[in-house]
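So you can see what is in the structure, the chains are spelled out below.
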Amino acid sequence: METALKQLLVILTPALFAANLAQSFFYLPEAARREGGGHMPHPLYYALITLFFGAMMFAILAPSLPLMWVAVELTTLVSAPLIACRRDRGSLEAMWKYLLICSIGIAFALFGTMLVLHAQSTGSARWYMAGFAFVLAGYGTKMGLAPFHTWLPDAHSEAPAPVSALLSGALLNCSFFAIVRFREMMPEAAAPFCDNAMLSLGILSVAVGAVFMVRQTDFKRLLAYSSVEHMGIIAVLYSLCGTLDDDRIVAAALLLHIAAHSLTKTLLFQTAGNLLLAFGTRAVSVVQGLGVSMKGQAVLWLSGIVLICAMPPSALFLSELGLVASAPVWVSAIVLALLFIVFAAMMKVGLSMTMGRPIASPEPLPKRLAIVPAALLALLVAAGIAGCAFVLPGGGV
Amino acid sequence: MNILCIILAAVMAPLFIGIVNQTKAFFAGRRGPGMFRLYVDICKLLRKSCPRPRHSTWLFDIAQSASLAAVIAATAVFPWTGGGGLSSFIPAAVFFYLLAAGRFFTVIGALDAGSAFEGMGASREVQFSALVEPIIFTVLGFLVLLTGDISLSGALSGIAPESWKANVIALVLAFIAFLAVFLLENCRVPFDDPETHLELTMIHEAMLLDVGGPDLAFALYGAALKFELLAAFLVMMFMPCFGQGWKHAAVMFIAIALLSAVTGVVESVMARFRFLKTPHTLMGAALVAALAVLIHVCF
Amino acid sequence: MLTISEIAMALFLIADLALAGASRLKYAISLVAVQGWIVGTLPVFLWDWQSGGCPGARIWIIALVNSLVKGAALPMLLNYAVRKARTRRELEPIVSFQISRIVVFLMAVGGFAVGRLLHIHETTASELAVPVAFTTMGTGCLLICARKKAITQVLGFLVLENGISLFGAGILLEYGLVVELGILLDVFALVFILGIAIFQINRTFASTDTDRLNRLGDTHLMHPHHKHDHVHD
């Protein structure tokens, strides 16, 4: 699992970085023009986002656990100024919360790392379990697992769109990978505890995501809570990997889910950033009737929402099908019920924003802002259709 | 020999106050009143007549003498030679009961004088003594746990050098906690400032405003004895056992002299706490004492 | 057994208690500095001098850099941030100092109980290290949660970090020089960025109280006239 995930992330992270860097070239000058002064200097922005990417790759490739800790903490440090790119009250507050909550979480992860390293010398399962609990809480904070997710909606909604996309698509995966590395080290005696902990945090995250998405009035926060929900699904999938006898389907579903979620979330955050530029607000109640006023963005937004809700052409459909098919019945039932709530909440926002009459008139956007999301959409749909066509008739992998 | 040591202790008590004052004078760059000033003061006061407030009763008349008697009793039960005598079968708590009895008489006398000022002093005295009580009894409990002996000499000198080494952390914590008791009970900086003699901020001496002549001499001598007693308690509690008799007494008096000098240094370098901060500090000291018990119990 | 490290641990405990009751920012920062010096020099004291001979360069470098950063550089940085942001000198408690101290004491009780439960003393250099580390971590969390100012949250984070390093030193964990310095660099950079953030927050919000930092949430778009939209000062 660890190796497969590592291989996936080594490919996925640079791809996401490239997509968001490209989008930054189009997005940043527009944002600076429309939002007025106070922006961080653009060379600094590019330096930081490149460092951010480097730190994430360092975290994925780190040879030892303590070194990985250093790298993950480094990702927090370099991405924090990016969140406060606009330097206004909201983004400063989001940055403060992000830095503080993540650093405290990461401090606990360091403690957990120490406990696990010590457990390796004593070999006691109790030390391993204590260590994993702290690691899960620590890196789980960074990964956005409920109840440690509180920084995530603020940071994701306040950051500039490419940064939000990178945070959600790449950073969360890195933190998940850190947890995976620890989980793979656990001895047999500690394994049930670790899996149960992951499973409960995963279900809780899906539930928290679902509850906060209902009646959500801010479309970027909606996407942030969607990230919490998908991280929950990833945690549930991973916990199943350890408990099932035949984990091939779940393992494949896990990898597929991670890749599909990252790409779809990038598409959505980039589109959300475009809408924010056009309307100057993140309120769902203002951004209405996109189908009339901005047809292109409407297509991107609605198809993104459909894809993230795991409607059939989406690759997420396959991975969630894998989850439901192989999980114990009660887990499937709970997750399905929660996913239904998520679906209803997201579709309500998606439809109300794209259909109906416009309330505010948007400032027209340059076409180039839609290039990267459109390419992502094409890729996702093609991959999803190919995947569905390949997997579904066979009735299994 | 035991009795000889008790008499010696009683005679030397004012000397330690002199040491404190000389140290302070040295730090302030003054010549100071000399080591034996308190002896001179007491002799002078003893020759004077005894004024009485108009409305006071017999309670006021006996207050200072009774108070001094209680403190002398405490001196008499203290194991100056490391054990033997009364101290080997009297529970350690009785020592503090005797000191408390002395305080009781002083307070009664102050209330009987009928002055609002002294009443305030008495109220403060009682308030702070209530606050130091938890520290005293936590430390006592710690000592009894450590030595397994409830008698005064056993609890104080039952620590063999080996077990002293094993428990030094807890002992240091208990020492710090009791140091707070020592400084507060003797109205020393940082809890109280003896320089502000008979002023409103004083805790103890506000009660003595109407006392004069031999009674004041008794009060001053009682305070000196109390200083010596608590210092001796602090020293004996911390020191490991190293035999009994003259050697013990001699080491103890030297240690008390050192402690007096340290008190003088503390008073020279620190300012008095704000009055409201004293309860907080005392609570901190109580927690430190509790930490000592905790460390002792757990390891 | 009496060693310098045990005395250092006792000092650490007292510093925890004092931090919980500290009402002055400067005093609290110096207490954190004291803890930093102790944690920094601890590897040298915990070294087994009798059988190990003179410790290698790794121990010396780590001790030196650690104590310089944690004992001198970080406190200086914090003091600078306090001055620059013109923060008021008092710590404003949400949980009173007295209760904080009792909580810290109870955490010490818990720490010692856990230490006994895990039979830590068989595997660690100092019996006191692990309980004291737990207590210190708890104190750090308490400072983060129970004080109002942004800078106390940084302070609390440092205390938490000190507790974790103490734990690492106490169980004689060896990462290697690179990792230790990496961790240290991260912490240093974090405090540095947080210091800058405090300055910016102070300039933007006209205050560094964290209760001003509550505009973001899941309801503010529903209530356009949010109560904190205007600055009270």
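It is worth spelling out the overall build of chain C at this point. If you tally the helices and strands in chain C, you get eight helices and zero strands. From first element to last, N terminus to C terminus, chain C shows the α and β order α-α-α-α-α-α-α-α. Taking all 233 residues of chain C together, 49% fall into the buried category. Nonlocal contacts in chain C, meaning residues at least 24 apart in sequence, comprise 77% of its contacts between residues at least 6 apart.

The next subject is the overall build of chain B. Looking only at helices and strands, chain B has 11 helices and zero strands in total. In chain B, the order of α-helices and β-strands from amino to carboxyl end is α-α-α-α-α-α-α-α-α-α-α. Against the globule reference of 19 Å for 299 residues, chain B gives a C-alpha radius of gyration of 19 Å, in line with a compact fold. Taking the principal axes of its C-alpha atoms as reference, chain B extends roughly 60 × 45 × 45 Å. Here chain B holds 299 residues, and 48% of them are scored as buried. For chain B, contacts bridging at least 24 residues in sequence account for 80% of all contacts bridging at least 6.

Interpreting fine coordinate detail is not advised for predicted regions of low pLDDT. Residue and element names in this part refer to chain C. Of all residues in chain C, 88% attain a pLDDT of 70 or more, and the chain-wide mean is 80. Considering each helix and strand of chain C separately, the mean pLDDT is smallest for helix 3 (residues 49-52), with a value of 71, and largest for helix 6 (residues 129-146), with 90. Confidence drops under a pLDDT of 50 for residues 220-233, and excluding neighbours within four residues, the segment shows 14 contacts in the predicted structure. Complex prediction metrics read pTM 0.85 and ipTM 0.87.

Before going further, it helps to examine the interface of chain A and chain C. Each partner contributes residues to the interface: chain A has 31 residues there, and chain C has 32 residues. Of all the secondary structure elements, the ones that give two or more residues to the side of chain A that touches chain C are helix 3 (65-83) and helix 4 (89-122) of chain A. Sort the elements by how many residues they give to the side of chain A that touches chain C and helix 4 of chain A lands first, with 18 residues. Looking at the side of chain A that touches chain C, its residues break down into 20 nonpolar, five polar and six charged.

Residues and elements named next belong to chain C. Interhelical geometry of helix 5 (residues 97-117) versus helix 6 gives an angle of 145° and a closest axis separation of 8 Å. The handedness of the crossing between helix 5 and helix 6 comes out as right-handed. In this structure, helix 5 uses Ser100, Val103, Val104, Met107, Ala108, Gly111, Phe112, Val114 and Gly115 to contact helix 6, whose residues at the interface are Val130, Pro131, Phe134, Thr135, Gly138, Thr139, Leu142 and Ala146. In terms of residue class, the contact of helix 5 with helix 6 is built from 11 nonpolar, six polar and no charged.

With that settled, consider the environment of B:Val266. All names here are of chain B. Mapped onto the elements, Val266 comes out in helix 10 (residues 246-269). For Val266, a count of 17 C-beta atoms within 10 Å puts it in the partly exposed group. Along the sequence, Val266 and Ser65 sit 201 residues apart, while their C-alpha atoms lie 31 Å from each other.

Here we come to the interface of chain B and chain C. Of the residues lining the interface, 16 residues belong to chain B; the matching set on chain C comes to 20 residues. Mapped by element, the contributors of at least two residues to the side of chain B that touches chain C are helix 7 (161-166), helix 8 (168-185) and helix 11 (277-298) of chain B. Looking at the side of chain B that touches chain C element by element, the count peaks at nine residues for helix 11 of chain B. Residue classes in the side of chain B that touches chain C are distributed as 13 nonpolar, two polar and one charged.

Our focus in this paragraph is the environment of B:Leu287. By the element assignment, B:Leu287 lies in helix 11. C-alpha separation for the pair B:Leu287 and B:Ala177, spaced 110 residues apart in sequence, amounts to 8.2 Å. Beyond its immediate stretch of four places on either side in the chain, B:Leu287 contacts C:Leu17, C:Arg101 and C:Phe105.

All right, on to the arrangement of the chains then. There are two pairs of chains in contact here, and the one with the most contacts is chains A and C. Nothing in chain A touches chain B, and the closest approach of their C-alpha atoms is 21 Å.

Okay, unusual backbone geometry next. One can expect most non-glycine residues to show negative phi and most peptide bonds to be in trans. Omega for the peptide link from A:Ala146 to A:Pro147 comes to 0°, which places this bond in the cis form. With respect to the secondary-structure elements, A:Pro147 resides in the loop between helix 5 (125-143) and helix 6 (151-158). Residue B:Val189 is joined to B:Pro190 through a cis peptide bond whose omega torsion reads 10°. One non-glycine residue, A:Arg87, lies in positive phi territory at about 60°. Here A:Arg87 lies in the loop between helix 3 and helix 4. On the basis of neighbour count, A:Arg87 is assigned to the partly exposed category, with 16 C-beta atoms found within 10 Å.

All names here are of chain B. Two numbers describe how helix 8 lies on helix 9 (residues 213-238): the axes approach to 10 Å, and their chain directions differ by 180°. Taken together, the axes of helix 8 and helix 9 lie roughly antiparallel to each other. Residues Leu171, Ala174, Phe175, Phe178, Leu179, Phe182 and Glu185 of helix 8 touch helix 9, and the partners they reach there are Lys226, Leu230, Ala231, Leu234, Met237 and Phe238. Looking at side-chain class alone, the contact of helix 8 with helix 9 contains 11 nonpolar, no polar and two charged residues.

Looking now at helix 8 (residues 177-205) of chain C. The α-helix advances 3.6 residues per turn, and as a result positions three or four apart in sequence lie on the same side. A rise of 1.5 Å per residue sets the reference length of helix 8 of chain C, with its 29 residues, at 42 Å; its end C-alpha atoms lie 41 Å apart and thus fit the reference within 8%. For helix 8 of chain C, the complete set of buried residues consists of C:Glu180, C:Ile183, C:Leu184, C:Asp186, C:Val187, C:Leu190, C:Val191, C:Leu194, C:Gly195, C:Ala197, C:Ile198 and C:Ile201. Buried residues in helix 8 of chain C make contact with helix 3 and helix 4 of chain A together with helix 4 (57-84) and helix 7 (150-170) of chain C.

How each quantity is defined
Residues numbered from 1 in each chain as written. Chains lettered and ligands numbered in written order. Predicted model: local features only at pLDDT ≥ 70, side-chain atom pairs only at ≥ 80, totals over all residues. Helix = DSSP H or I, 4+ residues; strand = E, 2+ residues; numbered from the N terminus. Buried ≥ 20, exposed ≤ 12 C-beta atoms within 10 Å, placed from the backbone. Contact = placed C-beta atoms within 7 Å. Rg over C-alpha atoms; globule rule 2.2 N^0.38 Å. pLDDT = per-residue confidence, 0-100. Nonpolar A, V, L, I, M, F, W, Y, C, P; charged D, E, K, R; others polar. Axes fitted to C-alpha atoms, helices over the stretch in contact; angles between N-to-C directions. Left-handed = near helix turned anticlockwise from the far one by under 90°. Parallel < 35°, antiparallel > 145°, perpendicular 65-115°, else oblique. Expected span 1.5 Å × (residues − 1).

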